[in-house]
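The chain contents come next:
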Amino acid sequence: MRFYAAVASFAPHGRLTAFRSARTIVRIRMITAVCAGFDMVMETTSAVADKIRCDACPVMCYIKPGAAGACDRYANHDGKLVRVDPHVILERTVSHGGKLVPFSRTEDWDGKIVHEPSTFVTAIGAGTTYPDYKPAPFIVSAEVDGVDMVTVVTEGIFSYCGIKVKIDTDRYLGPETATVRAQGEAVGHVTTSEYGSQMLSLGGVHHLTGGSKKEGRVTCDTLMDLANCKAVELTIDGGASVVVQAGQPPIVNGMKEERMRVGCGSATIGMFAKQWHGKVDEVVVVDDHITGVLSEHQAGKLLDIADTGIKMKGRRSTPGRYFQVADPGTGWGGTNISDPLSILGPFDVKEAKPGLSILMVSTTGEHSSYYVLDEALKPVETEMPADLKFSVERIQENCEPALCTVLFMAGAGGSLRAGVTDNPVRLTRSVKDALTRVTSGGAPVYVWPGGGITYMVDVTQMPSGAFGYVPTPALVAPIEFTMKLSDYAALGGHMDYVKPLSEVKNGDDVRQLPWQNPIPGPRA
Amino acid sequence: MTRLPQIALLSDGRRLHLQDGPIDLIVEARGHADEVRAAYEAAAGRFTGLLDELCSELPELRRAALPAACSLEGIVARRMYAAVTPYAWDRFITPMAAVAGSVAEEILGAMIHVATLDQAYVNNGGDIALHLDEGEHFSVGLMDRPDRDGVMRTMRVYSTDPVRGIATSGRHGRSFSFGIADAVTVLAATASRADAAATIIANAVDLRGHPAIIREPANALQPDSDLGPRLVTREVGELSQTEIAAALESGAECARQLFDRGLIEGAVLQLCGDMLVIGPKDIERQKSRPLGLENAVHA
């Protein structure tokens, strides 16, 4: 779905002030929440709940399941009246696996958690307007550890935002700087790979607003889906197609990645040389980055492993370490090969002997073969002895499960900060001075040093459905600033708008969620 | 339990925010401080209970407006009715088509009744009632994309102009549209008239029977919609440039008729990035604006 954004803006006295209608924003909140509602309805029940009558105001709307009333503030979720822009409260509980407690707008709220200092108010559903012409909708004060704390919650609209994806795989996803596409539209690029992982950088203002309308829309959808922990299929120009979902294994060209490599080929030789010693004459650990050869490797030399006359293709870096034995790909160890013998040249007749045994294995242990040289010094694939199988399994065991990790990254601009304080730069300074801690949906964030408030957050740490969007296109993400009340006053906070936590929680727009993390610390 | 509307000044201390049920207003008055205060008190006073007043006649307001007989009593309800009757003789329309503009007009009326103001406006989610004292003017910007230096066009409304109402309608708003327009912004003598006309013109921006346009009965989406089982637009797929132009032209034809009948002072129609302007007002195109505009915000 696509929504039109702003309508008209006034300039009394020549000063331009955008008057984006509040209802557009409210509408968008509703859509996010209601779509989530639909999902849940489809997943959990086939019984069609009835329409309900809302009594929140005298309009008394009849609301269908999955739809909202005329105000876009109240909706029918599975036959229950819910507020669709609720403030989400995370309750720190010892027991995990707690369920989402439905929002209660009844008068008999027991008020129990009101006095619990471990309650944290998130910005999800706090609502905002764009540009931020009013104070952050929700400024809450609470006693935390004897300090009168203020949490300013707002939902930032981030047109400068993006996602960094870490994909635990050695498989070749595509060349550096190659365009990453979703639904055929450019949404980002391949960036520098990290140890055992391929990195993608998606979104950013260039794709969101610098390209065609469709590019912006698809980028926005992609970012939002990834941020809300949904699976997204991405294709890389000149590379692979990969299904990415936060906290799940990547699926590269239709193959689910199981494990992350234990180390590069050379490192693997170093780690397992002792275990191979005496059980096999030669080991080649096939790796797109550095392929290791036991007999030539320093680790092999230390164990007095004899030369085997093996000839590797590729470029020798240092003894026993080879670059570029093959092209990158999705075969053995992130190369494009399916037959490991293709990276070997003929054995040196002076050194090699018939009967010489060779183990070839990839860096994840996922691929392995065992060979014995015949009379003509040709390797012949043979059943692998049990103790070598065991060593391959050991490699596998030492490879951690391959996952996709999705970090949302955004910068809080002047206008968002203005929703928090009259003097936005003071908020920045306060964050830098670690007086104010920043969280996103209650999750800890990393705040980049340097100018502005640019932060990164692991989306799996955030409550579900934390992200929304506006048709700008830009993402709507929760952001909270927590600080001492006195610090808040000192930085020019909107003191008139500070509400005690009890007031919020006794209000009718609170949703409780199980607490997922410890309360994030300063600059966590 | 008494339900009170939300009444608060925004952080700038200048603007008033009023919200009750589905009504959400941003109000600003300019003039002497005492006058502004009096105006805001009057706005808040009039706003309290206004929703209940409307709701007491809701069933009637949701019925097609018949030009012959109006049994409505509330002043806002009657204004809604009056705004839609010019269209009611040849098509289905209910007074609800003008609810937002009519409410804005009512609040503005309450303000200028008690206070002498240089300028004032009541913005009801994009449907805006204006007040201009002699010699004053408002600049109204039409925004394409709020993330850019994006005031696409601006127009000035002078106190000598007949325009005192601006409204925008389209398929993305909170209410349903029969048409496919992304937005139709109308300038008219009053906010209620602008509201009704924007609805009518937005409905006319359409391509009948086009397979890429998905429609659903309004009451399948909202059981108590005033539009009943009539089909409303849910999704618009890819349209060719020719189709976009044709749909816009169909809306423009409607707008020209309303202009000739004196019902509107101007209109701007937008669909899939294309725009069409109707009216004598010089709605000037803004080239690239210098940086630093208030609305060029990257949060």
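Residues numbered from 1 in each chain as written. Chains lettered and ligands numbered in written order. Predicted model: local features only at pLDDT ≥ 70, side-chain atom pairs only at ≥ 80, totals over all residues.

**Some remarks on the overall build of chain B**
To keep it simple, the criterion reads: A run of DSSP states H or I qualifies as a helix once it reaches four residues; a run of E qualifies as a strand once it reaches two. Both are numbered from the N-terminal end. Between the buried cut of 20 or more and the exposed cut of 12 or fewer other C-beta atoms within 10 Å of a residue's own C-beta lies the partly exposed class, and all C-beta atoms are placed from the backbone. Here contacts are defined at the residue level, using C-beta atoms placed from the backbone and a cut-off of 7 Å between them.
Looking only at helices and strands, chain B features eight helices and 14 strands. In chain B, which comprises 299 residues, the share counted as buried stands at 51%. Excluding contacts between residues fewer than 6 apart, the proportion of contacts in chain B whose partners are at least 24 apart in sequence is 58%.

**Things to note about the overall build of chain A**
When its secondary structure is counted, chain A shows 10 helices and 34 strands. Within chain A, the proportion of its 524 residues that are buried is 55%. Sequence-distant contacts, at least 24 apart, represent 66% of the contacts inside chain A between residues at least 6 apart.

**Observations regarding the pairing of strand E15 (residues 232-236) of chain A**
Residue and element names in this part refer to chain A. To keep it simple, the criterion reads: Pairing between strands requires that DSSP locate at least two bridges from one strand to the other.
Burial along E15 is one-sided: the face carrying Val232, Leu234 and Ile236 is buried and the face carrying Glu233 and Thr235 is not. Of the pairings in the sheet, the one linking strand E12 (residues 179-182) to E15 comprises two bridges and is antiparallel in character. Its bridge partner being in E15, arginine 181 is matched across the sheet by threonine 235. As paired elements, E15 and strand E16 (residues 241-244) share four bridges and run antiparallel to each other.

**Focus: the confidence of the model for chain A**
Keep in mind that low pLDDT regions are not for reading the predicted coordinates in detail. Residue and element names in this part refer to chain A. We apply this condition: For every residue, the pLDDT score states the predictor's confidence, bounded by 0 at the bottom and 100 at the top.
When pLDDT is averaged along chain A, the result is 71; 67% of the residues meet or exceed 70. Across residues 85-150, where pLDDT falls below 50, the model places 186 contacts with residues more than four positions away in sequence or in other chains. Scored below 50 in pLDDT, residues 506-524 makes 56 contacts in the model with residues more than four places away or belonging to other chains.

**Thoughts on unusual backbone geometry**
Residue and element names in this part refer to chain A. Positioned with a positive phi, asparagine 253 is a non-glycine residue whose angle comes to about 50 degrees. Relative to the helices and strands, asparagine 253 is located in the loop between strand E17 (251-252) and strand E18 (255-256). Judged by the 14 C-beta atoms lying within 10 Å of it, asparagine 253 falls in the partly exposed class. Of note, the phi angle at leucine 377 is positive, near 60 degrees, even though the residue is not glycine.

**Quick notes on the sheet that holds strand E21 (residues 315-318) of chain A**
All names here are of chain A. Stated formally: Every axis corresponds to a line fitted to the C-alpha atoms, with the helix fit spanning only the stretch in contact, and the corresponding angles, defined between N-to-C directions, vary from 0 to 180 degrees.
In space, the seven strands of this open sheet follow the order E21-E22-E20-E19-E23-E24-E25, with mixed pairing throughout. Across the chains shown, the open sheet's two edge strands, defined by having one partner strand only, are E21 and strand E25 (379-381). Taking each pair of neighbouring strands and ignoring which way they run, the sheet shows an average axis angle of 25 degrees. Here strand E23 (residues 357-362) runs beside strand E24 (residues 368-373); their pairing, made up of five bridges, is antiparallel. Following the sheet pairing, serine 357 is matched in E24 by valine 372. Of the strands in this sheet, strand E19 (282-286), strand E20 (291-293) and strand E22 (321-323) are in contact with helix H4 (residues 265-276), which crosses E19 at around 150 degrees.

**Details of the sheet that holds strand E1 (residues 6-9) of chain B**
All names here are of chain B. An order of E1-E2-E3-E4-E5-E8-E9-E12-E13 is seen for the nine strands of this open sheet, with the pairing classed as antiparallel. The open sheet has two edge strands with one neighbour each: E1 and strand E13 (274-278). When the angles between neighbouring strand axes are averaged without regard to direction, this sheet yields 10 degrees. As judged from the five bridges shared by strand E2 (residues 16-20) and strand E3 (residues 23-30), these two strands associate in the antiparallel manner. Counterpart to glutamine 19 in the pairing with E3 is aspartate 24. Sheet strands touched by helix H8 (residues 241-260): strand E9 (183-188), strand E12 (266-271) and E13. Its angle to E13, the strand with the most contacts, is close to 15 degrees.

**What to know about the confidence of the model for chain B**
Residues and elements named next belong to chain B. Of all residues in chain B, 86% attain a pLDDT of 70 or more, and the chain-wide mean is 83. Put simply, strand E14 (residues 284-285) is where chain B has its lowest mean pLDDT, 44, and helix H5 (residues 99-114) is where it has its highest, 96. Under a pLDDT of 50 for its full length, residues 144-151 has, in the predicted model, 33 contacts with residues more than four places off or in other chains. Ignoring residues within four places in sequence, the model shows residues 283-299, a span with pLDDT below 50, making 48 contacts including any to other chains. Both scores are available for the predicted complex, with the pTM at 0.47 and the ipTM at 0.79.

**Observations regarding the packing of helix H1 (residues 33-47) of chain B against H5 of chain B**
All names here are of chain B. Basically, it comes down to this: Roughly parallel here means an angle under 35 degrees, roughly antiparallel means over 145, roughly perpendicular means 65 to 115, and every remaining angle is called oblique. Left-handed is the label given to a crossing in which the near helix is rotated counterclockwise from the far helix by less than a right angle, and right-handed is the label when the rotation is clockwise. Think of it as three bins: nonpolar holds Ala, Val, Leu, Ile, Met, Phe, Trp, Tyr, Cys and Pro, charged holds Asp, Glu, Lys and Arg, and polar takes everything else, Gly as well.
Remark: H1 packs on H5, axes separated minimally by 8 Å, with the N-to-C direction vectors making an angle of 140 degrees. Between H1 and H5, the angle is such that the two are oblique. Of the two elements, H1 crosses H5, and the hand of that crossing is right-handed. Between H1 and H5, the residues in contact are Ala38, Ala39, Ala42, Ala43, Arg46 and Phe47 and Glu106, Ile107, Ala110, Met111, His113 and Val114, respectively. When grouped by side-chain class, the residues that make up the contact of H1 with H5 number nine nonpolar, one polar and two charged.

**Digging into helix H3 (residues 213-227) of chain A**
Residue and element names in this part refer to chain A. The test is simple: Take the residue count of a helix, subtract one, and multiply by 1.5 Å to get its expected span.
Given a rise of 1.5 Å per residue, 15 residues ought to cover 21 Å, and the 21 Å separating the end C-alpha atoms of H3 matches this to within 8%. Counted residue by residue, H3 has 11 buried out of 15 residues, so it is predominantly covered. Listing the buried residues of H3 in full gives Glu215, Gly216, Val218, Thr219, Cys220, Asp221, Thr222, Leu223, Met224, Leu226 and Ala227. Once H3 finishes, cysteine 229 follows within two positions and takes phi at roughly 60 degrees, a positive value.

**Some thoughts on the environment of alanine 240 of chain A**
Residue and element names in this part refer to chain A. With respect to the helices and strands, alanine 240 occurs in the loop between E15 and E16. For the pair alanine 240 and leucine 173, spaced 67 residues apart in sequence, the C-alpha to C-alpha distance is 4.9 Å. Ignoring anything within four residues of it in the chain, the contact list for alanine 240 reads Arg171, Tyr172, Leu173, Gly174, Val252, Asn253 and Thr330.

**With respect to the nonpolar core**
Residue and element names in this part refer to chain A. Inclusion rule: By convention in this section, buried Ala, Val, Leu, Ile, Met, Phe, Trp, Tyr and Cys residues joined through C-beta atoms within 7 Å make up a nonpolar core. Those domain boundaries reflect an automatic or database domain assignment.
Of all hydrophobic cores here, the largest spans 98 residues; its most connected members are Ile163, Ala227, Val283, Val406, Phe408, Leu475 and Ala477. Ranked by residues supplied to this core, first place goes to strand E26 (residues 404-412) with seven residues. The residues that make up this core include at least three from each of domain 2 (161-256) and domain 3 (265-398). Setting aside its immediate chain neighbours within four residues, phenylalanine 408 contacts Cys161, Ile163, Ala227, Met456, Val457, Val459 and Ala477.

**Notes on helix H6 (residues 386-398) of chain A**
All names here are of chain A. To keep things clear, this is the line we draw: The directions from the helix axis to the C-beta atoms form the arc being described.
The end-to-end C-alpha separation of H6 is 18 Å, in line with the 18 Å expected for 13 residues at 1.5 Å each. Within the span of H6, buried status applies to Ser391, Val392 and Ile395. End-on, the buried residues of H6 take up no more than an arc of 100 degrees, which puts them together on one face. With respect to the buried face of H6, the exposed residues turned more than 90 degrees away are Ala386, Asp387, Glu393 and Glu397. Structurally, H6 contributes buried residues whose contacts are with H4, E23 and E24.

**Here's the deal with the packing of H5 of chain B against helix H6 (residues 191-204) of chain B**
Residue and element names in this part refer to chain B. Across the interface, H5 lies against H6 with an axial gap of 7 Å and an inter-helix angle of 170 degrees. The orientation of H5 with respect to H6, classified from their angle, is roughly antiparallel. Of the residues in H6, those touching H5 at Ala100, Gly101, Ser102, Ala104 and Glu105 are Ala191, Ser192, Ala194 and Asp195.

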